[in-house]
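If you want the building blocks of each chain, they are given just below.
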Amino acid sequence: MSQTYDIKTAAVIGAGTMGRGIVMCLANAGVTVQWVDNNPQMLEQALASVADTYAHNVRQGRIDQAEADARLARVSAAADYAAIRNVDLVIEAVYENLELKQKIFRELDGLLKPEALLASNTSALDIDAIAAATKRPEQVLGLHFFSPAHIMKLLEIVRGAQTSPAALQAALALGKRMGKVSVVSGNCHGFIGNRMLHPYVLEARKMLLEGAYPQQIDAALQGFGFAMGPFRMYDVVGIDLEWRARELAGKGQDAPQVQVDNRLCEMGRFGQKSGNGYYHYEPGSRQAEHDPQVDALVLQVSEGLGFQRREIGPEEILERCLLALVNEGAKILQEGIAESARDIDLVYLNGYGFPADKGGPMAWADQQGLADIHQRLLALQTRQGDQWKPARLIGELAAQGKGFADR
């Protein structure tokens, strides 16, 4: 039998920042939402915050009062999982912990009607491991919203090994109703966007130790057209998120590349929210101001690690950050994680502030010519080691005189 899903009602688990944004996405799309959080106070605050956002939208003339009332009327607090047993879809938006997510999915699986879909808003965790906690793995998928969820256009829909085509269709249809740019990704660590982000920020962090400063790196990437460079991005997201994740996992804290982050976090410099991060922020301002203290810290950390600092120019910054993105993107394509180069570009244009006029990292690489990209990666491999080994697909396409778009 071919199951089709019509999503009219949904539940969201978790009343944090992501949960709030997701609830609004659903309510705005005409879906009735029940909201669950094990902390009643937090849920109350979250409901008030959603009401505030709608009131603000009315004041700005984005929606009228009747629309704001209709959206708010679709959202209600639910006491527990039993209260949401009849919904068509549940989206779990609790913090990134696999055991916790598996426990929630196991409980939900036992309670929900058999045709309900189960989705996780994880940004990196294994969807198959989450689905394995249920007896309905064909109805489990990832719905990775980007923060703030009610504003950001991108939605990564992650298909597990057993996710059914009908479940994917339902997710794509919902994405469309929510006005999202939806891209289907296979299941791997970090999916499309965050998996590519990892080598990109790793290069930025290595260059801090080798001789560059945060402002220099950000200026080069913003000059290329990015909405913000990696260090400004970390200040906006919160430097402490990855720091706490490393603490929790009990691994990764000793890597040289994260020592600057670690020192900033130990000083309570978590980014924009605390007034100081890689940059300084005046009270109530989001304006990132250069902070000489951070430069001094970078210098101290890199010299302490035994680095001989050298001048690093904007050309090298762009070369290393962009080619890291492209090479990882090529691996994602050759593994079949993304269905096309265009999908990868859509992720980067809509979720990561890649300059629109350059068309996305894969389109940019095609404009350079893949034979040229291949040579440049080989040169980096010679200078800096095997992490730069070009993805097999780049060599293959270059040899045929083709680009990523031809695939």
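These numbers come from a predicted model, not from an experiment. (Residues numbered from 1 in each chain as written. Predicted model: local features only at pLDDT ≥ 70, side-chain atom pairs only at ≥ 80, totals over all residues. Heavy atoms only, no water.)

So, the overall build of the protein chain
Now for step 1: Helices and strands together make up the secondary structure of the protein chain, namely 17 helices and 8 strands.
Now for step 2: Whereas a compact globule of 407 residues would reach a radius of gyration of roughly 22 Å, the protein chain reaches 22 Å, a difference of no more than 12%.
Now for step 3: Counting only C-alpha atoms, the protein chain reaches 60 × 55 × 45 Å along its principal axes.
Now for step 4: Classification of the 407 residues of the protein chain by burial places 51% in the buried group.
Now for step 5: Look at the contacts in the protein chain between residues 6 or more apart in sequence, and 66% of them connect residues 24 or more apart.
Now for step 6: Summed over its atoms, the accessible surface of the protein chain is roughly 18200 Å², and 51% of this surface lies on carbon and sulfur atoms.
Now for step 7: Within the protein chain, one finds 41 positive and 49 negative side-chain charges whose respective centroids are separated by 3 Å. (Helix = DSSP H or I, 4+ residues; strand = E, 2+ residues; numbered from the N terminus. Rg over C-alpha atoms; globule rule 2.2 N^0.38 Å. Buried < 20%, exposed > 50% of the residue type's maximum accessible area, 1.4 Å probe, protein only. Contact = heavy atoms within 4.5 Å. Areas by Shrake-Rupley, 256 points an atom, 1.4 Å probe, with all protein chains shown as cover. Lys, Arg positive; Asp, Glu negative; His and termini not counted. Charge placed at Lys NZ, Arg CZ, Asp CG, Glu CD.)

A short note on the packing of helix α13 (residues 314-334) against helix α16 (residues 370-384)
The axes of two packed helices give the description: the angle between them and the distance between them.
Now for step 1: Interhelical geometry of α13 versus α16 gives an angle of 110° and a closest axis separation of 11 Å. The orientation of α13 with respect to α16, classified from their angle, is roughly perpendicular. Together, Glu316, Glu319, Arg320, Leu323, Val326 and Asn327 of α13 and Ile373, Arg376, Leu377, Leu380 and Gln384 of α16 make up the contact between the two elements.
Now for step 2: Grouping the amino acids of the contact of α13 with α16 by side-chain chemistry returns 5 nonpolar, 2 polar and 4 charged. (Axes fitted to C-alpha atoms, helices over the stretch in contact; angles between N-to-C directions. Parallel < 35°, antiparallel > 145°, perpendicular 65-115°, else oblique. Nonpolar A, V, L, I, M, F, W, Y, C, P; charged D, E, K, R; others polar.)

Remarks on the nonpolar core
Now for step 1: Counting residues in each nonpolar core, the largest one holds 69 residues, and the members touching the most others are Ile192, Ile217, Tyr278, Trp364, Ile373 and Phe404.
Now for step 2: Of all the elements, α13 adds the most residues to this core, at 10 residues.
Now for step 3: Looking at which domains feed residues into this core, each of domain 1 (9-185) and domain 2 (193-406) supplies at least three.
Now for step 4: Non-local contacts of Phe404, meaning those with residues more than four positions away in its chain, are made with Val326, Ala330, Leu333, Ala341, Met362, Ala365, Asp366, Leu370, Leu393, Ile394 and Leu397. (Core = buried A, V, L, I, M, F, W, Y, C linked by side-chain atoms within 4.5 Å. Domains from an automatic or database assignment.)

Comments concerning the packing of aromatic side chains
Now for step 1: The full count for this structure, using the stated rule, is 9 aromatic pairs.
Now for step 2: Where Phe146 meets Tyr352, the ring centres are 5.5 Å apart and the plane angle is 80°; that geometry is what we call edge-to-face. Here Phe146 is found in the loop between β6 (140-145) and β7 (154-159), whereas its partner Tyr352 is found in the loop between α14 (341-351) and α15 (361-368), with 206 residues between them in sequence. With respect to burial, Phe146 and Tyr352 carry one shared label: buried.
Now for step 3: These aromatic residues form a ring-pair network of at least three members: Tyr200, Phe224, Phe226, Phe354 and Trp364.
Now for step 4: One cation-aromatic arrangement involves Arg244 over Phe270; the distance from NZ or CZ to the ring centre is 5.1 Å.
Now for step 5: A cation over a ring is seen here: Lys358 above Phe224, with NZ or CZ 4.5 Å from the ring centre. (Phe/Tyr/Trp six-rings, centres within 6.5 Å; stacked < 30°, edge-to-face > 60°. Lys NZ or Arg CZ within 6 Å of the ring centre and 35° of its normal.)

Describing the UniProt feature "domain: 3-hydroxyacyl-CoA dehydrogenase C-terminal" (unreviewed entry) in the protein chain
Now for step 1: Using the residue numbers shown here, the UniProt feature "domain: 3-hydroxyacyl-CoA dehydrogenase C-terminal" (unreviewed entry) corresponds to residues 190-281 and 317-401.
Now for step 2: Here residues 190-281 is 60% helix and 0% strand, with 30 Å between the C-alpha atoms at its ends.
Now for step 3: The distance from the first to the last C-alpha atom of residues 317-401 is 27 Å, and the span holds 71% helix and 0% strand. (UniProt positions renumbered as here; feature names shortened; annotations may be inferred.)

Describing the sheet that holds strand β3 (residues 75-77)
Now for step 1: Taken in spatial order, the 8 strands make up an open sheet running β3-β2-β1-β4-β5-β6-β7-β8, and their pairing is mixed. One side of each edge strand has no neighbouring strand; the edge strands of this open sheet are β3 and β8 (181-185). Looking at each pair of strands side by side, their axes are set apart by 25° on average, direction ignored.
Now for step 2: The sheet contact formed by strand β1 (residues 9-13) and strand β4 (residues 89-92) spans 4 bridges and is parallel. Residue pairing across strands places Ala10 opposite Leu89, the latter belonging to β4.
Now for step 3: Packing against the sheet, helix α1 (residues 17-28) makes contact with β1, β2 (32-36), β3, β4 and β6, and its axis sits at approximately 165° to β2.
Now for step 4: The sheet contacts of helix α4 (residues 98-111) involve β1, β4, β5 (117-120) and β6, and relative to β5 the element is tilted by about 170°. (Pairing = 2+ DSSP bridges.)

Some details on the pairing of β4
Now for step 1: Where burial is concerned, the two faces of β4 agree: the one with Leu89 and Ile91 and the one with Val90 and Glu92 are both buried.
Now for step 2: Here β4 pairs with β5 via 4 bridges, running parallel. Bridged to Ile91 within β5 is Ala119.
Now for step 3: Once the chain exits β4 it traverses α4 before rejoining the sheet at β5, and the crossover so formed is right-handed. (Right-handed = clockwise from strand over helix to strand, strands pointing away.)

Notes on unusual backbone geometry
Now for step 1: The amide bond that connects Ser147 to the next residue, Pro148, takes the cis arrangement and shows omega of -5°.
Now for step 2: For Phe191, which is not glycine, the phi torsion reads 55° and is therefore positive.
Now for step 3: Among the secondary structure elements, Phe191 is positioned in the loop between β8 and α7 (193-210).

Some words on the pattern of salt bridges
Now for step 1: Applying the stated rule across the entire model yields 25 salt bridges.
Now for step 2: Across the pair Lys358 and Asp357 runs a salt bridge whose closest N-O atoms are separated by 3.9 Å.
Now for step 3: Among the ionic contacts, a cluster of salt bridges with common partners joins Glu203, Lys206, Glu210, Arg310, Glu316 and Arg320. (Salt bridge = Lys/Arg side-chain N within 4 Å of Asp/Glu carboxyl O.)

Topic: the UniProt feature "domain: 3-hydroxyacyl-CoA dehydrogenase NAD binding" (unreviewed entry) in the protein chain
Now for step 1: The sites that UniProt annotates as "domain: 3-hydroxyacyl-CoA dehydrogenase NAD binding" (unreviewed entry) are residues 10-187.
Now for step 2: The span residues 10-187 carries 41% helix and 21% strand; its end-to-end C-alpha distance comes to 24 Å.

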